[in-house]
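Secondary and tertiary structure notes
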Amino acid sequence: MDRRDFLKGSAMTAATLAASRLAYGQDRAAVEPPSTARQGGDVQWNKAPCRFCGTGCHVQVGVQNGKVVAIAGDQKAPVNKGLLCVKGYHVGLALYGQDRLTTPLLRKGDKQVPISWEEAIDIIARRVLKDPKGFALYGSGQWTIPEGYAASKFVKAGLGTHNIDANARLCMASAVTGFLATYGVDEPAGCYDDLDACDVLITWGNNPAEMHPVLFSRVIDRRSRGEKVTLIDIGTRKTRTSGFADHSLRFKPNSDLAIACGIAHLLVENGTYDKAFVEANCAFRASSTPPTLEGKAISFEEYRELLKPYTPEKVEQLSGVSQKDLRMLAGLFGRRDVRITSLWCMGPNQHTQGTAMNSLLHGLHLLSGHFGKPGDAPTSLTGQPSACGTVREVGTLSHALPGGRVVAKAEHRAQMEEIWNVPAGRVSEKIGYHTVEMWKRFSTPTEQGGDVHTVWVQVTNPAQSLPNTHKLVDPSRKLADKFLIVSDVYPTATTRIADLVLPSAMWVEKNGMVGNSERRTQQWFKLVQPPGQARDDGWQLISVAHRLLELGFAGMKDKDGRFLFDVKGKDGRSVPIWEWSHYYDVNVDEHLFEEYRKTTRIKHKDLAPYQEYVKARGLRWPVVQQPDGSWRETRFRFSGFDDPYVKKGRDIQFYHSTSHDDRAQIWFQPYEPPPESPDSEYPFWLCTGRVIEHWHTGSVTMRIPQLRRAMPQAYVEMNRADARKLGVDNGDLVTVETRRGKLDLPVWLGGRGEPVEGSLFVPFFDERLLINELTLDAHDPFSKQPDYKKCAARVRRRERVAEKQK
Ligand code: SF4
């Protein structure tokens, strides 16, 4: 099977699946947008990155008579070389669901009634003015880079707080802390080119065949050309990726740390680790008391002692992975003649030990020297198109500042005050509320410490995506002094409960830039007009900032008395970009990006000028100017043969080392039991996740008829043995229940995924079946990322539940 066949197969699966599935609930948004068939010769083609996942494919967008009428894979794009997955091929239809939000809506009693933009902007500004510290902005890895930068500046330079966080906290935060703990700087050293060069690909709790299909197809393509790539799938559930694997290993939920420790144990005890690489480039770390992200330095001998209990026998007992398979894995890592790439995404991240698991994965590659050569890399993938660019690089997190800076460091705050030209002390030293804390405080009465009074949500859907939503979201709706503002493109679970709804422009209805999983920054231009009164999220932020200025809020002025978002036109005069009619008189994106670019040097995340991205299909940072004036991207970071910041003559240099000696840290992290485990009352594990057809909460892909028909509703996957015991068959309704809630779902047996006995899997895309009402809000102590992958559940046939209730 080659790359095209693999992707065609994925599309076929998507298109035909509906026939074998039950319809469930109301088909609320089943509307038919115009066809995307290729049109005649007067179609104008332009480039843009795909709207959906973190792979970062580029598409060619065909526009005719002011409408997107065709989509084609971009042949010139190095990520996808003309190919797309089923979501990418339909991305043009994302704009044309018939229930687009087109006017601001204000809640009056039970109804949301249309109001003008002027009123809406004024309402937000007055809410902020009333209580700036009680205001929080909740954004997303779907914000473009300029939007995220504007949001960060609005809160951190304007309001003088850090009450801003993004939904990447729910998906990527543990990857960030894992990188920081290991290298002292965030984001992968390797890139997608590793997939073209590796001999062994290990997927850790990861299903790229569905979640990053175009990326996975690069490996399938190599096999079809006769190249040998050994694929090892390590996970808690059989997935489509498992189907391509040479070795498919199942482990008990939460025990991945034991497996990683077991591999390290064998490498050390057998002396098959890469002694030369480790002695030249690594140091050892373990948890400190109290625990910190930097931990404490330990010697190699101490490291060896800590690993001693993780014998193959012990690891088999903890994880369920056989001693033979563990030895096979250690054997591969111990070989110098093969190149190994590890891929992971939500499995190790959505974990109460996410930081620990991420640092163990990096540690395995460092210990074995499988690092820094094409094909030898630990690579963490992102789910959203700009989780890296907008959240991690721009710093739209409550503890972060742009360019890899952190709130905790006084020098970083001072640097940002200088770049933003705001008075000393404006950038607060008080870290803001991370996602779970922000929503907890919003849902708690003021007198009980609920000091977040207004939340403005942009480009995300927390009422569906947050864990334990009964606790984190619902209570706020009964509290009179809490006010929820939501900017989005379609009605969602969150807009329906909002006090104020703002209609947003999406994707090619505005200019944009995003950053994908391999440090690649991509750019596009606005190609069509948004519908009705929908407007850019960036404009919404700037417009509220200006209204605050008009109302006398000093924070929206810089030290020279200029508006924080002052933009000059070619004539040197300020352009009133807060007025919608003037927003596109200048390229606001270019202005914001050039300002943001100044922040990217301290962590060597250098970006090229905006105009370089206009010409390219993305560039991977650091992007450094050459003597001839051209700009060169970096594929392999910390590697002397490619990274311009590695000292001449060095093979490897970890130049942001937390031990300040150019060394990366190999951590020991112990296995610990999960926060909640199955017991006699709740005997199943429940895991949540995604499907190939739908992107995240489905708010966009459920408007695309082909995708909606292909996967119309959520379901619960269970093992056939469990189904037999319960007396249920395909399509039967069951009640899945945890200590936090319950939900009726149809059963799907032997589908594209199959959990092991005692496990359940439910996707979270379906807003009619909110699985996150059942999940835990327990989170990693460093990254604050919640664990969606394991909690205790029980499952009963619905009829029996009904009989009981009579
Ligand atoms: S793999 Fe991701 S970026 Fe590529 S076409 Fe599919 S959804 Fe879009």
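Preceding this paragraph is the structure being described.
Everything quoted here is computed from the prediction, not taken from an experiment.

Hydrogen bonding along the main chain pairs the strands of a sheet, whether they run parallel or antiparallel. Reading across from one edge, β11-β9-β8-β14-β15 is the order of the 5 strands in this open sheet, with parallel pairing throughout. Of all the strands in the sheet, just β11 (247–250) and β15 (377–380) have a single pairing partner and so form its edges. Adjacent strand axes in the sheet meet at a mean angle of 15° when their direction is disregarded. Where strand β8 (residues 200–204) lies against strand β9 (residues 230–235), 5 bridges are found, and the strand directions are parallel. What sits directly across from V200, in β9, is T230. Lying over the sheet, helix α15 (residues 354–367) contacts β8, β14 (340–344) and β15, oriented at roughly 170° with respect to β14.

Another point: the site of the ligand. The local shell around the ligand consists of C50, F52, C53, T55, G56, C57, L84, C85, K87, G88, P213 and V214. Put simply, the parts of the chain that give the shell around the ligand at least two residues each are α2 (86–89) and α8 (213–224). Grouping the amino acids of the shell around the ligand by side-chain chemistry returns 8 nonpolar, 3 polar and 1 charged.

For the rest of this paragraph, the subject is the pattern of salt bridges. Under the definition given, this model contains 58 salt bridges. Between E509 and R100 there is a salt bridge, with the nearest N and O atoms lying 2.8 Å from each other. Placement of E509 in the loop between β20 (500–503) and β21 (512–515) and of R100 in the loop between α2 and β4 (105–108) is noted, with a sequence separation of 409 residues between them. Here the two residues E509 and R100 agree in accessibility, since each one is buried. Salt bridges sharing common partners tie together D193, E518, R520, R620, E633 and R635.

This brings us to the environment of G698. Note on placement: G698 falls in the loop between β27 (684–689) and α25 (705–710). Overall, G698 belongs to the buried group, its relative accessible area being 2%. When the C-alpha atoms of G698 and F765 are compared, they prove to be 4.7 Å apart, with 67 residues separating the residues in sequence.

In this model α15 runs 20 Å from its N-terminal to its C-terminal C-alpha over 14 residues, within 8% of the 20 Å that 1.5 Å per residue would give. Just downstream of α15, G369 is the residue with a positive phi angle, here 70°.

With that settled, the discussion passes to the sheet that holds strand β29 (residues 733–738). The sheet built from 6 strands closes into a barrel, its strands ordered β27-β32-β28-β30-β29-β33 with mixed pairing. Neighbouring strand axes in the sheet, compared pairwise and without regard to direction, differ in orientation by 45° on average. Here β29 runs beside strand β30 (residues 741–748); their pairing, made up of 6 bridges, is antiparallel. Its bridge partner being in β30, T735 is matched across the sheet by D744.

Two measures define how a pair of helices packs: the angle their axes make with one another and the distance between the axes. Where helix α9 (residues 256–269) contacts helix α12 (residues 312–319), the axes come no closer than 9 Å and their chain directions differ by 170°. Comparing the axis directions of α9 and α12 gives the class roughly antiparallel. Contacts from A258, I259, G262, H265 and L266 in α9 reach P312, V315, L318 and S319 in α12. Partitioning the contact of α9 with α12 into residue classes produces 6 nonpolar, 3 polar and no charged.

One finds W204, I259, I263, Y303, L367 and W507 to be the most contacted residues of the largest nonpolar core, which totals 120 residues. No other element matches the 10 residues that α9 contributes to this core. Contacts of L367, omitting those with residues within four sequence positions, involve A264, L267, V268, Y273, D274, V278, F284, Y303 and I666. By size, the runner-up hydrophobic cluster in this structure holds 64 residues, among which are W143, A151, A157 and L549.

Considering the arrangement of structural elements, one finds H694 in the loop between β27 and α25. On the basis of relative accessible area, H694 is assigned to the buried category, the value being 2%. Polar side-chain contacts of H694 include one of 2.9 Å to the side chain of T701. Those residues in contact with H694, other than ones at most four positions away along the chain, are K87, T701, M702, L707, R708, M711 and F765.

Burial runs high along β8: 5 of the 5 residues are buried. Here β8 runs beside β14; their pairing, made up of 5 bridges, is parallel. Opposite W204, over in β14, you have W344 as the bridge partner.

Scoring rules and cut-offs
Throughout, a residue's number is its position along its own chain's written sequence, starting from 1. With the structure being a predicted model, the display of local features is reserved for residues of pLDDT at least 70 and the display and counting of side-chain atom pairs for 80 or more, all residues being used for whole-chain, interface and lining totals. Only heavy atoms go into the side-chain values, all of them from the structure, while hydrogens and water stay out. By definition, two strands form a pair when at least two bridges between them are found by DSSP. A helix here means a DSSP run of H or I that spans at least four residues, while a strand means a run of E at least two residues long, and both kinds are numbered starting from the N terminus. Geometry is summarised by axes, namely lines fitted to C-alpha atoms with helices restricted to the contacting stretch, and by angles between N-to-C directions that run from 0 to 180 degrees. Every residue pair with non-hydrogen atoms within 4.5 Å of one another is taken to be in contact. Nearness here has a simple test: a residue counts as near a molecule or strand if at least one of its heavy atoms is within 4 Å of that partner. Residue classes follow a fixed rule: Ala, Val, Leu, Ile, Met, Phe, Trp, Tyr, Cys and Pro count as nonpolar, while Asp, Glu, Lys and Arg count as charged, and any other residue, Gly among them, counts as polar. Basic side-chain nitrogens of Lys or Arg form a salt bridge, by our definition, when they fall within 4 Å of a carboxyl oxygen of Asp or Glu. We call a residue buried when its accessible area falls under 20% of the maximum for its residue type, exposed when it is over 50%, and partly exposed in between, using a 1.4 Å probe and counting protein chains only. The span one expects for a helix is its residue count, reduced by one, times 1.5 Å. Convention used here: angles under 35 degrees read as roughly parallel, angles over 145 as roughly antiparallel, angles from 65 to 115 as roughly perpendicular, and any remaining angle as oblique. Put simply, a nonpolar core is a bunch of buried Ala, Val, Leu, Ile, Met, Phe, Trp, Tyr and Cys residues held in one set by side-chain atoms that sit within 4.5 Å of each other. We call two N or O atoms a polar contact when they sit within 3.5 Å, provided that within protein one can donate a hydrogen and the other can accept it, with sequence-adjacent residues counted only if both atoms are side-chain atoms.

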